[in-house]
Amino acid sequence: MSDHSNCIFCGIVRGDIPAVRVYEDEHTAAFMDVQPASPGHTLVIPKAHAANLFEISAADLVATTLTTQRMARLVQKALAPDGIRIMQTNGAAAGQTVFHYHVHIIPMQDGQRLGAHGRERADPEVLKALAAKIQNALRP
Ligand code: 5GP
Ligand code: ZN
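Note on numbering: residues in each chain are counted from 1, in written sequence order. Key to labels: chains lettered from A, ligands numbered from 1, both in the order written. pLDDT decides what is reported in this predicted model: residues at 70 or higher carry local features, side-chain atom pairs at 80 or more are listed and counted, and totals for whole chains, interfaces and linings draw on all residues regardless. With hydrogens and water excluded, all non-hydrogen atoms of the structure serve as input to the side-chain values.

(A) Representation of the overall build of the chain in the model. Strands are runs of DSSP state E lasting at least two residues, helices are runs of H or I lasting at least four, and both sets are numbered from the N terminus onward. In terms of helices and strands, the chain carries 3 helices and 5 strands. Ordering the α and β elements of the chain from the N terminus gives α-β-β-β-α-β-β-α. In this setup the radius of gyration rests on C-alpha atoms only. A globule is expected at 2.2 Å times the number of residues raised to 0.38. Taken over C-alpha atoms, the radius of gyration comes to 14 Å for the chain, in line with the 14 Å a tight globule of 140 residues would show. Based on the C-alpha atoms only, the size of the chain along its principal axes is roughly 40 × 35 × 25 Å. Exposed residues in this analysis have more than 50% of their type's maximum accessible area, buried residues have under 20%, and partly exposed residues fall in between, with area computed by a 1.4 Å probe over protein chains only. The buried share of the chain, taken over its 140 residues, is 42%. Charge assignment in this entry is limited to Lys and Arg as positive and Asp and Glu as negative, and neither His nor the chain termini are counted. A charge is said to be at NZ when it belongs to Lys, at CZ for Arg, at CG for Asp and at CD for Glu. Here the chain holds 13 positive side-chain charges and 13 negative ones, and the gap between their average locations is 6 Å.

(B) Layout of the site of ligand 1. Around ligand 1 sit 17 residues, and of these Asp33, Thr89, Thr97, His104 and His117 come closest. The separation between a nitrogen atom of ligand 1 and a polar main-chain atom of Val34 is 3.3 Å. Computed with a 1.4 Å probe, the accessible areas rest on the Shrake-Rupley method; for each residue, only the protein chains presented here act as cover. Isolated, ligand 1 exposes 520 Å² of accessible area, and the fraction of that covered by the protein chains is 89%. When contributions to the shell around ligand 1 are tallied by element, the ones reaching two or more residues are helix H1 (8-14) and strand S2 (28-32). The dominant element in the shell around ligand 1, judged by the number of residues it contributes, is H1, at 3 residues. Any residue with at least one heavy atom within 4 Å of a molecule or strand is counted as near it. In protein, a polar contact means a hydrogen-donor-capable atom and an acceptor-capable atom, both N or O and within 3.5 Å, with residues adjacent in sequence counting only if both atoms are side-chain atoms; elsewhere, any N or O pair within 3.5 Å suffices.

Following this line, the structure appears as structure tokens:
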């Protein structure tokens, strides 16, 4: 497994690095992307470090995929985008900038052309409000 002593997402899992969290279970976590491509851009990760799709264990891949579906449903219910882009990068050439496996959930609107990454960091208060809206969608 790759060296992950300085991994940002491991820091978020440990609670050493702040994040606007949306969901957590035994094996996975979801939090708001700090530099969102669109409002509601959420990241889903396995808690155990794996750099990419090649390294992640089968069990964590299944758990992360199930959490991704769960979160995408919540984002759909909470924000009602026209579509949701699911994106996952492997290697710098593919656009990967954080080398801990993660899946992007990016709400899309009709006619919108979006890059994979946002241009600027979001206001934490705005991220907290979006996270609360997504969490509220958990309620029946
Ligand atoms: P990648 O480029 O590796 O596919 O995606 C990494 C994502 O992580 C980017 O969208 C970036 O905005 C996000 N990101 C980078 N550092 C942090 C951080 O410290 N906190 C959060 N919440 N997101 C981060
Ligand atoms: Zn990590």
